[in-house]
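So you can see what is in the structure, the chains are spelled out below.
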Amino acid sequence: MKLKKILLSTFVFSVIFSVFLLGQGYHAHAEEGDCPYGDGIHRMAAKGTAVVKDENTGDYIFTGTFFKCKNCGDWIVVSGYPQSGGSIGKYITEGTITGSLREGFTIEVNPDYVYHTKDTKLPGYRFYKM
Ligand SMILES: [Zn+2]
């Protein structure tokens, strides 16, 4: 009887520990990147020029290149030229797209989410000319 109890508690402990390890593995993977496909890195392809405006006031913020992820469809607008090895400058990933995708179409965003970096790279993103 005693041996059975020990075996049972060992089994229960193993199950709990396995679930714990699985949980750890899942979190470690999720932190590698944001893209739900491939290796987790967004593959951002340049689609054209976009004008970024304040979604509340309609004020002009900046004009940049519109990029869309080839895998998941996430988008980003950057004022620089990371697809050519240049710095990123101003960038935005949050907002609503107004109009259809063509030269100079408008994206309305929350200005609080407009960021700026002098870096040529953005963690979790890779930029392509097309
Ligand atoms: Zn993606």
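Residues numbered from 1 in each chain as written. Predicted model: local features only at pLDDT ≥ 70, side-chain atom pairs only at ≥ 80, totals over all residues.

Below, the discussion takes up the pairing of strand β1 (residues 42-54). Judged from the four bridges that link them, β1 and strand β8 (residues 125-128) form a sheet pairing that is parallel. Bridging from a neighbouring strand, Arg-43 pairs with Arg-126 of β8. Looking at chain direction, β1 and strand β2 (residues 60-69) are connected through nine bridges and run antiparallel. Paired with Met-44 across the bridge in β2 is Cys-69. Here β1 hands over to β2 after five residues, with Gly-58 in that stretch at a positive phi of 80 degrees. By the bridge criterion, five bridges tie β1 to strand β6 (residues 105-109) in an arrangement that is parallel. (Pairing = 2+ DSSP bridges. Helix = DSSP H or I, 4+ residues; strand = E, 2+ residues; numbered from the N terminus.)

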